[in-house]
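Take a look at the letters that make up each chain.
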Amino acid sequence: MAVNVSTRITLAQLPQFVGKQVRVVGNVKAIENNVLTLVDDTNAEVRVLCKGVPRFNEGIVEVVGVVQSDLAVDEMTSTQLVGTFSFELYREALGQCQRFPHIYPVA
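The structure displayed is predicted, hence computed values, not measured ones.

What counts and how
- Residues numbered from 1 in each chain as written.
- Predicted model: local features only at pLDDT ≥ 70, side-chain atom pairs only at ≥ 80, totals over all residues.
- Heavy atoms only, no water.
- Helix = DSSP H or I, 4+ residues; strand = E, 2+ residues; numbered from the N terminus.
- Contact = heavy atoms within 4.5 Å.
- Areas by Shrake-Rupley, 256 points an atom, 1.4 Å probe, with all protein chains shown as cover.
- Core = buried A, V, L, I, M, F, W, Y, C linked by side-chain atoms within 4.5 Å.
- Buried < 20%, exposed > 50% of the residue type's maximum accessible area, 1.4 Å probe, protein only.
- Pairing = 2+ DSSP bridges.
- Salt bridge = Lys/Arg side-chain N within 4 Å of Asp/Glu carboxyl O.

A. Just the overall build of the protein chain, in detail. Helix and strand content of the protein chain: one helix and six strands. Going from N to C terminus, the protein chain has its helices and strands arranged as β-β-β-β-β-β-α. In terms of principal-axis extent, the alpha carbons of the protein chain reach across some 40 × 35 × 25 Å. In the protein chain, of all internal contacts separated by at least 6 residues, the share reaching a separation of at least 24 is 51%. For the protein chain, the accessible area works out to roughly 6,700 Å², and carbon and sulfur atoms hold 52% of it.

Structure (C-alpha cells):
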C-alpha cells in the first residue's frame, strides 16, 4: 500500500511543486462554482479545484491536493482551521521543517 505524503508549503512555493501532493493554508477569498480561492497574508492566491461544492465559505482552510501546471491545487481533502491563526508563525514553522528535514521528514 502506497503512503500519500504531502509537503506543507506556502503559496509562494507552489511553482516548485507542480505535479506533487502538498498542503497549503489560506483564508477564503472567493467561491465560484467548484473553485475556492484562498489568499495568505502576503496577498498570494491559489485556486483550489474542489471535488464538489466547496464546504467552507469563510475562515482559514488547509487543503491537501496536487499542484497543477497552472498552479491551481486539485483538492484531495480540506479542513477548516478554527481559533486564532498566524500566517507569520506558520511560515516560521514551515521554515524550520524545511531547514531540518532529518528531524521533520515528509517521506
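On we go from here.
B. Examining the nonpolar core more closely. Formed by 18 residues in total, the largest nonpolar core has its most connected members in Leu14, Val24, Leu38, Val46, Val48 and Val63. Within the residue set of this core, elements represented by two or more residues are strand S2 (21–32), strand S3 (35–39), strand S4 (45–49) and strand S5 (60–67). Within the second largest apolar cluster, five residues are counted, among which are Val25, Ile60, Tyr90 and Leu94.

C. Broad picture of the pairing of S2. Summarising the sheet, strand S1 (residues 7–8) and S2 pair through two bridges and their orientation is parallel. Residue pairing for S2: Thr7 is matched across the bridge by Val22. With seven bridges connecting them, S2 and S5 associate as antiparallel partners. Looking at the pairing, Arg23 lines up with Val64 of S5.

D. The environment of Val28, seen in detail. Mapped onto the secondary structure, Val28 falls in strand S2. The sequence separation of Val28 and Gly59 amounts to 31 residues, and the corresponding C-alpha distance is 5.7 Å. Among all residues touching Val28, those that are not within four sequence positions of it are Leu36, Thr37, Leu38, Phe56, Asn57, Glu58, Gly59 and Val61.

E. Structural detail: the pattern of salt bridges. All chains considered together, the criterion is met by five salt bridges. For the salt bridge of Glu62 with Arg8, the shortest nitrogen-to-oxygen distance reads 2.3 Å. Taken together, the residues span a long stretch of sequence, with Glu62 in strand S5 and Arg8 in strand S1 at a distance of 54 residues. By relative accessible area, which is 8% here, Glu62 ends up buried. With relative accessibility at 35%, the residue Arg8 sits in the partly exposed group.

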